[in-house]
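# Structural overview
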Amino acid sequence: MTVLPLFRSITAEDVEELARLEALVEPTPWTAGDFADVLKNDWWGSVLTDEAGVILAWAVVMPVLDECELLTIGVIPNRQGEGLGRMMLNHAIYCAKKAGKICCHLEVRESNMRAIRLYETSGFARVGIRKNYYRTDMGRGREHAILMRADFSEADHA
């Protein structure tokens, strides 16, 4: 099925649903309060919906001076593997470039090879490791984060 990319900003009406969806795909998911903070802090939160308005994917980016950081990104389980994560990431990068940001940072679980491949094929490079950054399921251990960064050229801002 072809999805028309219907992007829109996160609204207050989305926060409970986003927390529910995030819990389906993240071992340590964001809460409704975390998503509400996106609106309070004026971060960039976007969703990708289908034609009926059902949320398929989401991303949150925090602007920091002339840079930004991808804080979370997800795709509902039954639509993973269809390129929606790449569409959502491309949209976040487009918004960052349009806002004049010079780079984007992120961290990703070292075990999340699918996400690492997505980031690497989207222009992100590994720049470090944050040891024991992530809690694992049920908080019984820790996992390293791979730190990544994508630099944007001057031409990207034109």
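Structure shown above.
Summary of the structure given here. (Residues numbered from 1 in each chain as written. Predicted model: local features only at pLDDT ≥ 70, side-chain atom pairs only at ≥ 80, totals over all residues. Heavy atoms only, no water.)

## Section: the environment of Ser9
Applicable threshold: Labels follow the DSSP assignment, with helices taken as runs of H or I lasting at least four residues and strands as runs of E lasting at least two, numbered in each case from the N terminus. We call two residues in contact whenever any of their non-hydrogen atoms come within 4.5 Å of each other.
One can find Ser9 in strand β1 (residues 6-9). Spatially, the C-alpha atoms of Ser9 and Ala150 are 23 Å apart, while their sequence positions differ by 141 residues. Setting aside residues no more than four positions away along its own chain, Ser9 makes contact with Asp14, Gly45 and Ser46.

## Description of the sheet that holds strand β3 (residues 55-64)
Strands pair in a sheet through their backbones, by hydrogen bonds, and they do so in one of two ways: parallel or antiparallel. To keep things clear, this is the line we draw: Strand pairing is assigned whenever DSSP detects at least two bridges linking the two strands. Helix axes are fitted only over the stretch in contact, all axes being lines through C-alpha atoms; the angle between N-to-C directions runs from 0 to 180 degrees.
Pairing within the open sheet is mixed, and its seven strands lie in the order β1-β2-β3-β4-β5-β7-β6. Pairing within the sheet leaves two strands with one partner each, and these edge strands are β1 and β6 (125-135). Taken over all neighbouring pairs, the strand axes of this sheet differ in orientation by 25° on average, direction set aside. With six bridges joining them, strand β2 (residues 44-49) and β3 adopt antiparallel strand pairing. Within β3, the residue paired with Gly45 across the bridge is Val60. Along the sheet face, helix α2 (residues 32-40) touches β2, β3 and β4 (67-75) and points at about 55° away from the line of β3. Here helix α4 (residues 113-120) sits on the sheet in contact with β4, β5 (103-109), β6 and β7 (142-151), set at roughly 165° to β5.

## With respect to unusual backbone geometry
As a rule of thumb, non-glycine residues mostly have phi less than zero, and peptide bonds are mostly trans rather than cis. Quick reminder of the rule: The buried label applies to any residue whose accessible area, calculated with a 1.4 Å probe on protein chains only, is under 20% of its type's maximum; exposed applies above 50%, and partly exposed to all values in between.
Positive phi is not limited to glycine here, since Asp42 has a value of about 60°. Within the chain, Asn132 stands out as a residue other than glycine whose phi angle is a positive 55°. Looking at where Asn132 falls in the secondary structure, it is placed in strand β6. Classification of Asn132 by relative accessible area gives partly exposed; the value is 43%.

## Section: the pattern of salt bridges
What counts is decided by this rule: When a carboxyl oxygen of Asp or Glu is within 4 Å of a side-chain nitrogen of Lys or Arg, the pair counts as a salt bridge.
Scanning all chains against the criterion turns up eight salt bridges. For Arg20, the salt bridge identified is with Glu17, shortest N-O distance 2.8 Å. In this pair, Arg20 and Glu17 both sit in helix α1 (residues 15-25), three residues apart, roughly one turn of the helix.

## Some points on the packing of aromatic side chains
Rules: Here the aromatic set is Phe, Tyr and Trp, taking the six-membered ring for Trp, and pairing holds for ring centres within 6.5 Å; pairs whose planes are under 30 degrees apart are stacked, those over 60 apart are edge-to-face, and all others are tilted. Remark: a charge is flagged as sitting over a ring if the NZ atom of Lys or the CZ atom of Arg is within 6 Å of the ring centre and within 35 degrees of the ring normal.
Taken as a whole and judged by the stated rule, the model has three aromatic pairs. On the numbers, 5.1 Å between centres and 50° between planes, the contact of Trp30 with Phe35 is tilted. Here Trp30 matches Phe35 in class, with each residue buried. The side chain of Arg130 reaches across the aromatic face of Tyr133, ending 5.2 Å from its centre.

## Some words on helix α3 (residues 84-98)
Helical periodicity: at 3.6 residues per turn, an α-helix aligns residues three or four positions apart in one direction. Our working rule: To estimate how far a helix should extend, the number of its residues minus one is multiplied by 1.5 Å.
For α3, with 15 residues, the first-to-last C-alpha span of 21 Å sits near the 21 Å given by 1.5 Å per residue. Along α3, the positions that sit buried rather than exposed are Leu84, Gly85, Met88, Leu89, His91, Ala92, Ile93 and Ala96. The inward-facing, buried residues of α3 contact β1, β2, β3, β4 and α4. Backbone geometry just after α3 places Gly100 at a positive phi near 85°.

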